[in-house]
Amino acid sequence: MFYSRPCSAYPSQKGSVLVVVVFVLVVMGFLAIGLTQIGRSNQETTTLEVLGARAWLAAHSGNEVALQRLFPLNSSSALGSVCTSTIVSSVTMGSYGCEASVSCTSQAVDVTSSAQTTFYFLESTGTCSSGKNQVSRVQEVMAKELN
């Protein structure tokens, strides 16, 4: 036997589904905004990681250029006169918005009472930027003149 209630038995439930729908839409809206912000944060983090790697490589390349200028292949000794306050003023790395600047200092050290060796200290700063983000990395190299 099937029993059914008349429609007048639910007079207090008119419009309650509308309140539930509005509540669900508001909660889903907040979830969507939160997920969008998480995605944007992940994109910015990835951008900074890529720029950091490029800046590190730019600094490394700057040190390599400076060492090549300081110790040329066709010479038997270092060109100490090349080691000034800024040995490489700027090396542009393609179209990535990266550059490197290398400073150099030298110091003569007495190894024995009759021999002296020159040490070169290179510090390269690689900088990469894209729009609002800019990342710098610093690498230091110490080279010794061979006698």
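Residues numbered from 1 in each chain as written. Predicted model: local features only at pLDDT ≥ 70, side-chain atom pairs only at ≥ 80, totals over all residues. Heavy atoms only, no water.

Turning our eyes to something else, we now look at the packing of aromatic side chains. Evaluation of the coordinates by the stated rule reveals one aromatic pair. Measuring from ring centre to ring centre gives 5.8 Å for Phe71 and Tyr120, while their planes differ by 85 degrees; the resulting arrangement is edge-to-face. Of the two residues, Phe71 is situated in the loop between helix H1 (16-70) and strand E1 (86-92) and Tyr120 in strand E3 (residues 116-130); the sequence distance between them amounts to 49 residues. By relative accessible area, which is 25% here, Phe71 ends up partly exposed. Under the relative-accessibility criterion, Tyr120 is labelled buried at 2%. (Phe/Tyr/Trp six-rings, centres within 6.5 Å; stacked < 30°, edge-to-face > 60°. Helix = DSSP H or I, 4+ residues; strand = E, 2+ residues; numbered from the N terminus. Buried < 20%, exposed > 50% of the residue type's maximum accessible area, 1.4 Å probe, protein only.)

Here the focus is the state of the cysteines. Inspection of the entire model under this criterion finds one disulfide. The residue that forms a disulfide with Cys98 is Cys128, at a sulfur-sulfur distance of 1.9 Å. Because the torsion about its S-S bond is 120 degrees, the bridge between Cys98 and Cys128 counts as right-handed. Taken together, the residues Cys98 in strand E2 (residues 98-110) and Cys128 in strand E3 connect sequence positions 30 residues apart. (Disulfide = S-S within 2.5 Å.)

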